[in-house]
Amino acid sequence: MGKTRLPAVEDWFTIDDEPRLIGTRCTQSGTYFFPPEHTMSRAPGFADSTLERVELSRTGTVWSYTNAGYKPPDPYIPVSDPFEPFVIAAVHLEAEQMVILGQCVAGVTVDDISVGTPMELVLETLYEDDDNEFVVWKWKPIATATPATGSENN
Amino acid sequence: MVEPVAIIGVGMHPWGKWGRNFVEYGVAAIRDALADARIEHTDVQFIAGADTMRNGYPGYVAGATFAQAMGWTGIPVTSAYGACASGVMAIEAARQRILAGLCDVALVVGADTTPKGFLAPAKGERGNDPDWLRFRLLGATNPTYFGLYARRRMDLFGDTEEDFAQIKIKNARNGLNNPNARFRKEYTAEEVAASPMVADPLRLLHICATSDGGAAVILASMEWAKAHGHTNPARISGVSTVTPTFPNVVIDMPNFSTDSAAGLPVAPRSFKEAIGDAAYAQAGIGPDDIDVAEVYDLSSALELDWYEDLGFCAPGDAHKLLRDGHTHMDGRLPVNPSGGLACFGEAVPAQAIAQVCELTWQVRGEATGRQVEGAKTGISANQGLFGHGSSVIVTRP
C-alpha cells in the first residue's frame, strides 16, 4: 500500500475515474493524432495548421483482437510468474475515425469479445516497483452490452 | 512502363540456424550468383547491401561490408534498410544505377544472423521510439499484429483456422525439395492445430521463425547482358517501394494507432493494394498475367491477405482460391512454390532478395522439384514495418 500512482508514459492519457487518451487535433484538416503529435500536422498539405490538445472518445468498438500466448521480450515487464496470457484489442473510435491498440483488462479472454464489441477505456497497473505503480490505458468490454457471440476458437 | 533490367545471376546460402557471422552467408550467396552470371567479382561496378540491425556496425553498412569481404575494388556502394523490405530497397538502388546509365553490372546482397525467439527492439530506454514503446506499454510483438489481421479475416470473411493450417501444409509441401529451405517437413492439420497458441488465432506453426541466411542477385543492363552471352535473361520489369497514403486506416507495425480518417478522405486503394499496383504499372501488366507468386507469409493468414491485395481475387475471397486449389502447385496460380517463410523462416535483409532468386529460377525453368510449369511472369510481395512496401515483377518471355 501507499505506492504512488504514475503513468507508464507521460501525457498520453488522463489519470482519473473516467480516463481518456490524450491526442492532438489538426484544426484545419480535422485529423486526430494518437500518440499526440506535437511537431507538425501529419495530414499532407496542412503543415501550418495548429495542433490542439484533445481528449479522445473513451468508448469504441472492437476492430480486431488477439492475445499474447508467450511472454513478450524485453522491454516488456512481466507481471506474473509463470506468465499469464493477456488479450490485446484494436478499438475503433467513431468520432476520431481511428483504431487504437490497448491491452484488455485482466480477466478478459478472446472468448469474451468479437469484432464490434463495445469497449471503454480504463486504467490498470502495468507494472510496479518498490515505491510506485505505473498505470496504462486498457480496454474493457462495456458491461451493459449484449454478450459477445460467435468467434469461438475452434 | 519502365525499361527492364536483366537478372544475370542469383545465389543463396541455405537458410538455417547456423549461428555464424552473417558475412559468411552473404559471401557464399555472392559467389554462387557470380558463378551463375559467369562473371568475376572485378566485373561488378556497384554493390547494394541490405542491412541487418542485429549484427553490429558491419550490419548497418552492409554494402561496404560485402565490398570489403569480396576484396575492395574501388566501386561505389550503398546500404539500404527498410525492415523486411530492405532487400527490395537494395534492388531498387541497383536498378536505378543501371537505368541511369551509371553502371552496367550491379550486385545486390543481404544476409542475416538472427537470435532465437521473437524479434525484439533495440536495447536501452527509448521512450520516443514506438517500436520500443509497443513492447513496454502493450506487450505487442510482431505476431500480435498478425493475430489482429487473422482474427479480422475470420470475423469478416469467414476464414477458419483450418484455412490458415492449409496454407502451412501447402507451403511445407512446396518446400520439401528446396535445397535452400530450412524446414523440410510435411505437416498435418492435426499437428498445426496441436501447436501452442502464440497470438490467437495463430499458433506456433502458423507463424514464421527467424533464420540465418543470405541471398544475392546480379543485375545488368539488357544491352550488357545480351552482349555477354545472356541471350534471354530473366528480367526485373517492375519494382515497388511505395509507402502508405495518409490516412492509413489499417493498423501497421509498430504503431499504436491507425491514422485518423476524420478529416481527410481515405485513398481508394489500401497500402498493401498499392504495393502491387505500383509494380504492375511499371511492368505494364496486371494480376491476370501472373503465373507464380512469392508472397510474405510471416503468418499463414497473411498469405491470404496478399491474394486479395495483389488482385488475384476480390477482398474476402482468398479462402476460396485456397480451398479450390488455385494457389497449390497444380493450380492456375501457385503461390510460394519455394515453400515461403513457412519453410525458410525470415532472414530479414535477405528475404526479399531470396524471393527474387526463386522467381528467377521459376521463369528460367530451373526450380527443380518445385517448378511451376511454363512460368513466364512472377511477382513477389512483402511489407516492412514502418511503412515499407516491397514488390518485384520478374519476367522471361
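Residues numbered from 1 in each chain as written. Chains lettered and ligands numbered in written order. Predicted model: local features only at pLDDT ≥ 70, side-chain atom pairs only at ≥ 80, totals over all residues. Heavy atoms only, no water.

Undergrad: So what exactly am I meant to see when it comes to the pattern of salt bridges here?
TA: Where charged atoms from two side chains of opposite charge come close, those side chains can pair. Residue and element names in this part refer to chain B. Within this structure, the stated rule accounts for 30 salt bridges over all chains. Note that D305 is salt-bridged to R153, the shortest N-O span being 2.8 Å. Separated by 152 residues along the polypeptide, D305 in helix α11 (residues 300-309) and R153 in helix α6 (residues 142-157) bring together distant segments of the chain. Accessibility assignment for this pair places D305 and R153 in one class, buried. Put simply, R370 and E358 hold a salt bridge, and the shortest N to O gap is 2.9 Å. Linking R370 in the loop between α14 (348-364) and β10 (377-384) with E358 in helix α14, this pair joins segments that are 12 residues apart in sequence. Look at E358 and you get buried, because its relative accessible area is 3%. Within this structure, R153, D159, K272, D305, E308 and D309 form a network of salt bridges that share partners. (Salt bridge = Lys/Arg side-chain N within 4 Å of Asp/Glu carboxyl O. Helix = DSSP H or I, 4+ residues; strand = E, 2+ residues; numbered from the N terminus. Buried < 20%, exposed > 50% of the residue type's maximum accessible area, 1.4 Å probe, protein only.)

Undergrad: Explanation requested: the sheet that holds strand β3 (residues 77-80) of chain B in the structure shown.
TA: Across a sheet, paired strands are connected by hydrogen bonds in the backbone, their directions being either parallel or antiparallel. All names here are of chain B. In space, the nine strands of this open sheet follow the order β3-β2-β4-β7-β1-β8-β11-β10-β9, with mixed pairing throughout. Of all the strands in the sheet, just β3 and β9 (292-295) have a single pairing partner and so form its edges. The sheet shows a mean angle of 25° between the axes of neighbouring strands, taken without regard to direction. In terms of strand pairing, strand β2 (residues 46-50) meets β3 through four bridges, oriented parallel. Paired with A48 across the bridge in β3 is T78. Sheet strands in contact with helix α3 (residues 62-70) are β2, β3 and β4 (105-112), and its direction is about 135° off that of β3. (Pairing = 2+ DSSP bridges. Axes fitted to C-alpha atoms, helices over the stretch in contact; angles between N-to-C directions. Contact = heavy atoms within 4.5 Å.)

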